[in-house]
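Report on the structure
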Protein chains: 4
Amino acid sequence: MQFNSDNWSGAHPDIVAAIAEEAARDGGAYGSSPVDLALNRRFSELFETDVQVFPVASGTAANSLALAACGRPGGIVLCHSESHVEIDECGAVGLQGDSLRLRLIDGPGGKMQAADLAATIAAFPKGHVHAGQLAALSLTQMSEAGTFYSLDELRGLAALAADAGLAVHMDGARIANALAGCDASPADMTWRSGVDILSFGATKNGCVMADAIVVFDPSLARTLPFLRMRAGHLLSKSRFIAAQFDAYLNDNLWLKMAGHANAMADRLRAGFSKSAAVRLAWPSDGNEVFAIMKTAHHQKLQELGAQFASWAPGPIVLEQDETVVRLVASFNTSEEAVDQLLALVADL
Amino acid sequence: MQFNSDNWSGAHPDIVAAIAEEAARDGGAYGSSPVDLALNRRFSELFETDVQVFPVASGTAANSLALAACGRPGGIVLCHSESHVEIDECGAVGLQGDSLRLRLIDGPGGKMQAADLAATIAAFPKGHVHAGQLAALSLTQMSEAGTFYSLDELRGLAALAADAGLAVHMDGARIANALAGCDASPADMTWRSGVDILSFGATKNGCVMADAIVVFDPSLARTLPFLRMRAGHLLSKSRFIAAQFDAYLNDNLWLKMAGHANAMADRLRAGFSKSAAVRLAWPSDGNEVFAIMKTAHHQKLQELGAQFASWAPGPIVLEQDETVVRLVASFNTSEEAVDQLLALVADL
Amino acid sequence: MQFNSDNWSGAHPDIVAAIAEEAARDGGAYGSSPVDLALNRRFSELFETDVQVFPVASGTAANSLALAACGRPGGIVLCHSESHVEIDECGAVGLQGDSLRLRLIDGPGGKMQAADLAATIAAFPKGHVHAGQLAALSLTQMSEAGTFYSLDELRGLAALAADAGLAVHMDGARIANALAGCDASPADMTWRSGVDILSFGATKNGCVMADAIVVFDPSLARTLPFLRMRAGHLLSKSRFIAAQFDAYLNDNLWLKMAGHANAMADRLRAGFSKSAAVRLAWPSDGNEVFAIMKTAHHQKLQELGAQFASWAPGPIVLEQDETVVRLVASFNTSEEAVDQLLALVADL
Amino acid sequence: MQFNSDNWSGAHPDIVAAIAEEAARDGGAYGSSPVDLALNRRFSELFETDVQVFPVASGTAANSLALAACGRPGGIVLCHSESHVEIDECGAVGLQGDSLRLRLIDGPGGKMQAADLAATIAAFPKGHVHAGQLAALSLTQMSEAGTFYSLDELRGLAALAADAGLAVHMDGARIANALAGCDASPADMTWRSGVDILSFGATKNGCVMADAIVVFDPSLARTLPFLRMRAGHLLSKSRFIAAQFDAYLNDNLWLKMAGHANAMADRLRAGFSKSAAVRLAWPSDGNEVFAIMKTAHHQKLQELGAQFASWAPGPIVLEQDETVVRLVASFNTSEEAVDQLLALVADL
């Protein structure tokens with residue numbers, strides 16, 4: 001009953017097999033092997049447009065380097081106040097982006113609202129050197145609160161950014177979960193909605209270690225080879241990442257794994273909705289479930305082998321003996337584990 | 001006949017098996033799993049002293065973060081003019097080290113000499129703010145020219161650095177080859193010779209992706225968790241690196257692999273010494289062989305399937321139609337491949 | 001009727017005379033002249049403790065370098081959301097502080113409240129590398145809203161910071177106005193209240209160009225010589241700044257100038273309080289007055305020669321045709337200018 | 001007998017008068033006053049082309065910000081191994097330039113030679129991410145060894161740089177001395193010779209504090225307002241720098257001062273050439289004289305009141321009891337001081 005996070009999960013056998021196969025042969029270093037060289041074409045087909053792909057070692061690397069590619073001296077990135085780049089990356093954007101800064105925008109459900117974005121943009125007149133200059137908008141899909149931006153929402157926010165001359169970045173650490181849960185293509189959810197550059201995460205969704213920056217706007221790809229190299233994120237045996245992506249995209253493995261994780265989260269949500277002891281903290285869409293329970297119940301469930309952690313309550317007003325918890329399902333979460341947890345909850 | 005580089009090689013089956021085993025189970029993220037938590041003890045036993053280990057995604061990451069841990073504002077790192085940190089890392093030290101700079105010291109055979117180090121140190125009086133302040137000495141073992149520093153040489157250089165208040169870093173991207181080729185223990189070659197912090201490379205020697213910073217001076221470990229995190233080099237599934245190190249150290253696999261690579265290079269060196277068409281550019285000790293041949297011969301051998309690249313001649317004076325080439329043997333280089341190449345050379 | 005800002009004002013004749021006197025002789029460069037060398041003693045007497053003084057070229061330089069001296073990798077500085085370092089310095093802290101970040105804390109009247117500071121500190125558990133590590137608290141005295149922190153407020157906030165291991169910085173761009181308006185000594189308002197490092201501004205208060213970092217905690221002074229030099233803020237003819245400070249402190253010139261500016265602002269406040277057309281936006285203490293007037297009135301007064309700009313209303317709720325304006329008095333603001341403006345206001 | 005450096009000298013009365021005049025009136029802050037706004041036109045006339053001027057607080061600021069404007073991720077600036085940016089600026093280029101690096105090129109007399117520049121450029125193939133990417137060439141006129149590049153030399157070097165896509169920067173901390181000593185116009189020595197961006201120094205030549213970046217290639221001016229602001233080098237009372245430049249350029253004051261300094265250095269050189277005790281270390285052209293004397297003589301002259309310091313001998317081979325010294329003449333060096341020193345030398 002491991003619901004701590006999807007990066008606690010192992011890796012899919014097909015991913016491991018791809019690594020093993022690559023290990024059995026020699027191949028060009030630093031992105032020069034056949035499987036490396038096929039990546040651009042592979043992702044271009046997936047996204048139905050010409051893209052450039054830059055594998056890196058972590059989601060933090062993908063986010064910070066992608067935003068660095070959008071950077072300007074005195075630059076500012078607009079992002080949600082709960083976004084991973086602000087809360088969980090130890091200032092990586094400031095390092096890779098040469099003192100690029102984040103300006104936070106609040107919003108319910110982990111999502112930014114168009115009016116708030118418009119107001120913030122208006123507060124930064126062009127050429128006012130004291131304030132610095134806006135460089136990019138960063139949106140997280142799915143969001144840190146487990147919610148999805150609709151395509152309309154994405155397009156509205158991206159249009160505001162584009163009008164102000166900002167690049168649009170999407171933190172897609174869990175984009176597979178968003179795509180598996182929507183009726184939209186990868187192209188729809190990204191460049192057709194105005195996204196210029198994407199952090200494409202696969203590590204959380206069944207890979208060993210596979211993250212990449214996918215660049216839709218070719219002007220943003222010019223500095224990336226150098227930004228990535230000086231960051232130590234061009235790996236000598238990068239073909240082992242490329243091979244993972246290859247297996248990941250084969251036969252829609254990635255969407256199947258994400259779809260399974262979402263389904264397991266749905267099963268949790270459905271179970272919780274019938275529970276007297278637990279209620280949902282807020283609605284979520286993908287593989288993350290946020291619930292409110294008594295702190296003592298959380299402790300008891302942990303003692304009984306259910307692993308999941310408490311979470312920042314945000315705007316939620318709790319009773320004193322309550323806590324918000326997050327449960328994350330992943331590609332290898334079993335129905336049995338979910339049902340076992342729900343049984344324990346039913347017994348609370 | 002792949003002699004391009006040891007990072008062109010695949011990975012050892014034991015390493016792949018360790019990844020596969022880890023993939024089959026869930027485990028704590030960001031270094032909290034059992035195999036992660038055992039790393040410090042494992043390396044402490046290996047080095048016969050208490051060390052702290054920080055796995056990272058690449059050798060460039062290890063070098064730049066290790067040196068950043070030694071950094072100071074206006075800081076300067078002394079290193080050989082052919083060192084990897086200067087030539088091959090795109091300024092990574094300046095990024096991770098917050099504008100830390102490299103000051104180059106020449107020296108024959110890829111090695112720095114004590115008198116030159118002493119003279120350079122003398123040129124930076126303490127507190128002279130215009131020049132900046134010396135922060136660290138970085139030594140590469142084995143060197144970029146394929147040579148080994150003797151323990152006496154290491155101790156002499158490290159003592160000069162320590163007297164001047166500098167931290168001593170060792171770039172050990174190929175330390176396994178140096179250890180396999182010497183009669184010295186890991187402890188002898190590092191902290192007992194005055195090394196404070198080590199880039200411990202395993203990727204080139206049969207791993208998929210496994211590099212680490214090993215810290216002997218605990219004061220240098222204080223900032224590393226934050227330096228690594230903001231660099232995007234704390235991997236969420238870092239247990240897949242830890243598992244590789246585990247297998248790598250088991251039953252001396254690492255020294256066996258490096259010893260094999262060295263032996264294959266010895267076989268090449270022995271063969272070349274009998275050749276009329278090829279001569280050694282300079283003596284080397286480990287798994288790299290530097291040779292001089294006619295450019296036309298280099299081209300012909302490549303056409304016949306022998307893969308190896310030309311190399312900067314450094315101080316070597318060549319005939320006009322000659323070139324310096326580098327051949328690198330690795331854990332999976334076969335005697336057959338070596339002999340096949342030597343046969344082609346004999347036919348030149 | 002120039003009330004735009006105190007940095008629009010000229011310079012006091014005594015300051016100019018000090019420059020002229022220094023110009024007539026040669027003297028040591030880079031802080032080695034007699035007037036430079038006397039600065040530490042001069043400021044130590046002023047602050048009744050041993051301090052180290054680092055003149056720099058601007059208030060932004062003083063703030064960013066002082067905070068850089070408190071920096072740590074992945075570091076975070078807590079400051080008010082309206083603070084100059086956030087709003088007006090184009091990310092200088094991130095540059096000088098090697099990707100040091102600002103975390104904003106709201107609070108009425110430009111001041112941070114203890115409960116909010118405590119809650120923010122609590123949100124950053126030590127050693128949680130994802131979030132980064134708290135490095136410093138920055139307080140602005142007088143604040144950007146023209147208000148003073150009382151000594152009790154300063155002590156309370158500084159104590160919370162010290163308990164959490166943070167350095168305490170004071171942005172004293174207008175500390176002279178705060179001191180001239182309070183019954184507190186320079187020592188009381190700074191180190192006796194827990195301030196470790198101070199940006200001591202004189203440029204706005206009658207100097208040509210004179211800012212300095214005053215260090216109370218000697219451990220924070222170790223890196224500053226190098227931080228300042230690499231920033232281009234160690235001036236070759238720094239004795240021209242030192243000479244300004246010398247004249248500035250002579251015979252309490254600085255407090256006389258600031259006291260005059262405060263008195264002129266008082267005169268404005270008193271006048272506005274009798275006006276039907278203008279009301280104070282919020283109470284302020286020093287040489288800045290924030291008022292609400294009809295936008296048309298603002299425009300009319302400007303056409304009649306009164307210079308002052310509109311200001312961010314913050315939490316103030318305005319009528320649609322109203323605006324918040326800021327009027328700043330300085331060392332050379334005349335009673336005549338104030339009365340002339342008040343007469344125009346009376347005629348609105 | 002002060003020959004330590006031209007930045008030990010005071011300031012010309014006309015410069016002080018300009019400051020005093022500006023001090024007596026109020027004016028726009030941050031470059032918005034009339035004298036600020038006239039700078040671009042003033043310098044455009046001087047250089048016979050449209051330029052943009054960015055006053056800053058120091059020569060180090062000018063150099064590092066100018067090169068930052070030419071920067072690229074993983075970027076490298078080529079400069080002479082004795083250049084001020086390498087030797088005397090504490091890594092400022094790395095800070096302002098976001099880990100921009102310097103690559104040193106040796107050459108006699110403080111000057112780079114075309115063949116060496118060409119060879120270095122050839123060593124950096126475009127797109128080789130490991131090495132980084134060349135960004136700019138920085139030339140110092142007059143050089144650190146007191147020599148002038150001829151226009152032909154400048155054009156040759158600049159053409160090589162331009163062909164390789166590098167921006168060309170001139171460190172003109174003593175450009176006035178070079179211009180006063182040549183038969184070339186400011187335009188000839190800069191943009192007509194291929195210079196894209198210039199550090200225009202006036203501080204050493206009779207100003208209190210006046211340095212500026214002069215931009216010939218408008219594409220390099222786009223980021224400078226933000227680079228300068230985040231560096232703390234946009235001064236609130238920048239009109240006090242602008243006023244100095246105004247007086248500096250009036251009636252050719254700048255060239256008169258530099259011409260006088262050069263003449264005093266000529267007088268020193270002529271005197272030394274007749275001396276048995278002192279000989280020139282190498283030929284120099286402007287206001288700096290490099291001489292070889294016995295260390296005991298240097299000490300004796302200092303005891304007799306002659307101020308000048310020893311200097312790095314570079315390639316000069318000295319007798320054991322000899323030292324190289326540098327003597328710098330400035331705008332206020334008197335014939336009497338020179339003759340007094342020469343008399344002391346004659347008595348050695």
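Please read these numbers as outputs of a predicted model, since none were measured by experiment.

The next thing to look at is the overall build of chain A. Assigned secondary structure in chain A consists of 15 helices and eleven strands. Considered along the principal axes of its C-alpha atoms, chain A spans approximately 60 × 55 × 35 Å. The burial tally for chain A puts 64% of its 348 residues in the buried class. Taking the contacts inside chain A whose residues are at least 6 apart along the sequence as the reference set, 76% of them involve residues at least 24 apart. Of the roughly 11700 Å² of accessible surface on chain A, 51% is carried by carbon and sulfur atoms. Across chain A, the 25 positively charged side chains and the 39 negatively charged ones have centroids separated by 3 Å.

Looking now at the environment of His12(C). With respect to the helices, strands and loops of the structure, His12(C) is situated in the segment before helix H1 (13-23). In this view, His12(C) contacts Gly206(C), Leu253(C), Met257(C) and Phe331(C); residues no more than four positions away in its chain are not counted.

This paragraph deals with the nonpolar core. Core analysis: the biggest nonpolar cluster contains 136 residues, and Phe43(C), Phe200(C), Tyr248(C), Phe43(D), Phe200(D) and Tyr248(D) have the highest contact counts within it. With near-sequence residues (within four places) excluded, Phe43(C) lies in contact with Val51(C), Val53(C), Phe200(C), Val214(C), Phe245(C) and Leu249(C). Among the nonpolar cores identified, the runner-up in size contains 134 residues, and Phe124(A), Ala158(A), Ala161(A) and Ala258(B) belong to it.

Take the packing of helix H12 (residues 239-249) of chain D against helix H13 (residues 253-273) of chain D next. Residue and element names in this part refer to chain D. Look at H12 against H13: their axes get within 5 Å of each other, and the N-to-C directions meet at 70 degrees. Judged by the angle between their axes, H12 and H13 are roughly perpendicular. Each of Ala247, Tyr248 and Leu249 in H12 lies in contact with H13, whose residues at this interface are Leu253, Trp254 and Met257. Of the residues that constitute the contact of H12 with H13, the class distribution is six nonpolar, no polar and no charged.

With an RMSD of 0.0 Å, the operation that places chain A on chain B is a rotation of 180 degrees combined with a shift of 0.0 Å along the axis. Within this description, the copies of the chain are treated as partners about a two-fold rotation axis. For chain A, the residue whose C-alpha comes nearest the rotation axis is Ala57(A), separated from it by 3.2 Å. Mapped onto chain B, 100% of the interface residues of chain A again fall at the interface, so both copies present the same surface.

Turning next to the sheet that holds strand E5 (residues 167-172) of chain D. Residues and elements named next belong to chain D. Taken together, the seven strands give an open sheet; going across it, the order is E1-E7-E6-E5-E4-E2-E3, and neighbouring strands pair in mixed fashion. Looking at the sheet topology across the chains shown, the edges are occupied by strand E1 (52-56) and strand E3 (101-105). Geometrically, the sheet is characterised by an average inter-axis angle of 25 degrees between neighbouring strands, direction not taken into account. In terms of strand pairing, strand E2 (residues 75-80) meets strand E4 (residues 133-140) through five bridges, oriented parallel. By the bridge assignment for E4, Ile76 is matched with Leu134. Running over the sheet, helix H3 (residues 39-47) touches E1, strand E6 (197-201) and strand E7 (211-215) and is turned about 115 degrees from E1. Contacts from helix H7 (residues 114-122) reach E2, E3 and E4, with the element oriented near 135 degrees to E3.

What counts, and at which threshold
Residues numbered from 1 in each chain as written. Chains lettered and ligands numbered in written order. Predicted model: local features only at pLDDT ≥ 70, side-chain atom pairs only at ≥ 80, totals over all residues. Heavy atoms only, no water. Helix = DSSP H or I, 4+ residues; strand = E, 2+ residues; numbered from the N terminus. Buried < 20%, exposed > 50% of the residue type's maximum accessible area, 1.4 Å probe, protein only. Contact = heavy atoms within 4.5 Å. Areas by Shrake-Rupley, 256 points an atom, 1.4 Å probe, with all protein chains shown as cover. Lys, Arg positive; Asp, Glu negative; His and termini not counted. Charge placed at Lys NZ, Arg CZ, Asp CG, Glu CD. Core = buried A, V, L, I, M, F, W, Y, C linked by side-chain atoms within 4.5 Å. Axes fitted to C-alpha atoms, helices over the stretch in contact; angles between N-to-C directions. Parallel < 35°, antiparallel > 145°, perpendicular 65-115°, else oblique. Nonpolar A, V, L, I, M, F, W, Y, C, P; charged D, E, K, R; others polar. Least-squares fit on C-alpha atoms with pLDDT ≥ 70 in both. Pairing = 2+ DSSP bridges.

Just geometry here; none of it tells us what the structure is for.
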